[in-house]
Amino acid sequence: MKKTKISGAEILMRSLVAEGVKTLFGYPGGAIMPVFDALYDYSDQLHHILVRHEQGAVHAAEGFARVSGQIGVCLVTSGPGATNTVTGIADAMLDSTPIVVIAGQVGAQMLGSDAFQECDIVNVTQPISKWAYQIRSAEDITRAVSLAFYIARSGRPGPVVLDFTRNAQVELAEYVPKTVGFQRGYEAVPPTKPGSIEAAAAMINAAKKPLVLIGQGVELGDAQEEVRTLIEKADMPAGCTLLGLSALPTGHPLNVGMLGMHGSLASNVKTQECDLLIAIGMRFDDRITGKVSTYARQAKKIHFDIDPAEINKNIAVDLAVLGDCKETIAAVTALVNENSHKAWRESFEEYKEKEQRIVIQPEVFPKNGPLKMGEVIECVATRSQEKAVVVTDVGQNQMLAARYSRFTQKRSIVTSGGMGTMGFGLPAAIGATFGSPERTVCLFVGDGGLQMTIEELGTIMEQQCPVKIILLNNNYLGNVRQWQQLFFDRRYSFTHMLSPDYGKIAEAYRIPYALVTKREQLDEAINQMLTTQGPYLLEAAVMEEDNVLPMCCPGNDVDDMLLEI
């Protein structure tokens, strides 16, 4: 019996369906047109969201992946369509976000001829992806797609790029399903070294002043309950990285706050006093450590991670526990003694009180003066009952949203950590609404970041994505302005911004809008935003020269924090 042959474009469709894909973000063009033509017949199985720029497609895929735990997929054309995805691919690589980018390419027979919209996207993206591969024949599609999804999701997640030549899209071949669960030379989960579990438990049992650092790896490994069981059994305080903030509920009695440059005073001071530092699924980023040479020198260190490349990369550790933290943490917990570190925990309180009095009270509960960003964020947290997915752009809006949002559910913060990509927020929030449609998605964004990807308001309009956009408008590139104030003698070089009329822009995109200029308007305006069906843009005119504090200035010890200016 003769087997039916179908086009490579349709083989791609079937392969995506086989991988469980239901949502794609993309933008059509000449070199990917056969795929979009095949997609026309799969609209009942594959929901394609037309973005307004390819960078928006990648960030939307990231937002989708971060809240859903699934792989985000985007579909673009060759040349500028592919190169427009580069920032998002790099962002996903640094933040370990599983996405698959499928880009069109000129036909294999034209490669190297400088054909119209030809670009060697494989070599462009190899340094910033887990894997980049060019599909040159229809027979190669099913294996390439299956391997792409396997690599993107397994081990330490990350982005994969498939460069799809036009001839492979139109060639006919049999659809032969393939499932790849192994690739020679690629070790998804490294073996746990014999004895490391027992050694970690012994170090935890012997510690008098232990401190746990919770990173995004806990979220990616779905190990939230395992980590919580460990810290409760051993009575160990825990701080969270920016990307790990929702891995432990904000209100948990052992949660001592965010770590790092704009983290809590208590967690940073006690990092320099603990006798055992237990890092779980984090990479000792420079924004966490401050001055590396003096970082927690007094402490022994245990590092739980799935990626061997992170061990001793930035901070030398006494013990590495490689493997999936969901399994390794559970194994260590079984050997850990129930303990009490009451005096150690209570020693954090004086620093919490100091930060509350000097920093938090004036920012979150001011009695007079201009509207503050912190009080807007706190009001959103209260009105949303601490259940919203918090998406941020980058800058002061990001740091203050991280500091003053409160989290009760896992996978609740979506932000650009490693790359710090301005413009990330709006498209990522769109993706988050598709990744977790049952939850409220609140985006905190500054006037600078919003204007970088403002075209995605068109995607929101067309899809009616229920993104609640909170624009913290201080008419500045606020984070850069703060550094100019502190380190460049207040020489505000090109950081003041003239803003457009956001009300008219919202009206043009048929998005409900309100402007808050006074403190008395805030609570009702946020309530109106949260109770309105569909999207909403709430602009808050906030203090122009407000600063994010505390702050560990570059080159300083992590506990040397500036509390006021």
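Below is a short write-up of the structure.

Our focus in this paragraph is the layout of surface pockets. Rolled over the atoms, a probe with the dimensions of a water molecule shows which regions are left empty. Volume-wise, the second largest pocket comes out at about 620 Å³. What lines the second largest pocket is a set of 26 residues, among which Thr250, Gly257, Ser264, Ile360 and Arg403 lie closest to the centre. Among the secondary structure elements, those contributing two or more residues to the lining of the second largest pocket are β11 (255–258), α16 (349–364) and α18 (396–404). Top element by residues in the lining of the second largest pocket is α16. It accounts for five residues.

In this structure the tally under the stated criterion is two cavities of 30 Å³ or more. Counted as a void, the largest cavity has a volume near 80 Å³. Looking at the largest cavity, the residues that line it are Arg66, Gln216, Glu219, Leu220, Leu243, Ser246, Arg411, Ser412 and Ile413. The element contributing the most residues to the lining of the largest cavity is helix α10 (residues 216–220), with three residues. Split by residue class, the lining of the largest cavity holds three nonpolar, three polar and three charged. Here the second largest cavity defines a volume of roughly 60 Å³. Along its surface, the second largest cavity is lined by Ile377, Val380, Ala381, Ser384, Glu386, Lys387, Ala388, Val390, Ser405, Arg406, Cys442 and Phe444.

In this section: the packing of aromatic side chains. Per the stated rule, a full pass over the model turns up eight aromatic pairs. Measuring from ring centre to ring centre gives 6.0 Å for Phe284 and Tyr295, while their planes differ by 75°; the resulting arrangement is edge-to-face. Taken together, the residues Phe284 in the loop between β12 (276–280) and α13 (286–289) and Tyr295 in the loop between α13 and β13 (300–305) connect sequence positions eleven residues apart. Accessibility classification places Phe284 together with Tyr295 in one group, the buried group. Judged by centre distance (5.4 Å) and plane angle (75°), the ring pair of Trp483 and Phe487 falls under edge-to-face.

To continue, consider the nonpolar core. Of all hydrophobic cores here, the largest spans 96 residues; its most connected members are Ile204 and Ile302. Aside from chain neighbours lying at most four places away, what touches Ile302 is Ala200, Met203, Ile204, Leu276, Leu277, Ile278, Ala279, Leu319 and Val321. With 44 residues, the next largest nonpolar core counts Ala60, Ile89, Ile430 and Leu471 among its residues.

Basis of the calculations
- Residues numbered from 1 in each chain as written.
- Predicted model: local features only at pLDDT ≥ 70, side-chain atom pairs only at ≥ 80, totals over all residues.
- Heavy atoms only, no water.
- 1 Å grid on protein atoms, 1.4 Å probe; cavity = no way out; pocket = protein on both sides within 12 Å on 5 of 7 lines; lining within 4 Å.
- Points joined across faces, edges and corners; volume = space filled by probe spheres on them.
- Helix = DSSP H or I, 4+ residues; strand = E, 2+ residues; numbered from the N terminus.
- Nonpolar A, V, L, I, M, F, W, Y, C, P; charged D, E, K, R; others polar.
- Phe/Tyr/Trp six-rings, centres within 6.5 Å; stacked < 30°, edge-to-face > 60°.
- Buried < 20%, exposed > 50% of the residue type's maximum accessible area, 1.4 Å probe, protein only.
- Core = buried A, V, L, I, M, F, W, Y, C linked by side-chain atoms within 4.5 Å.
- Contact = heavy atoms within 4.5 Å.

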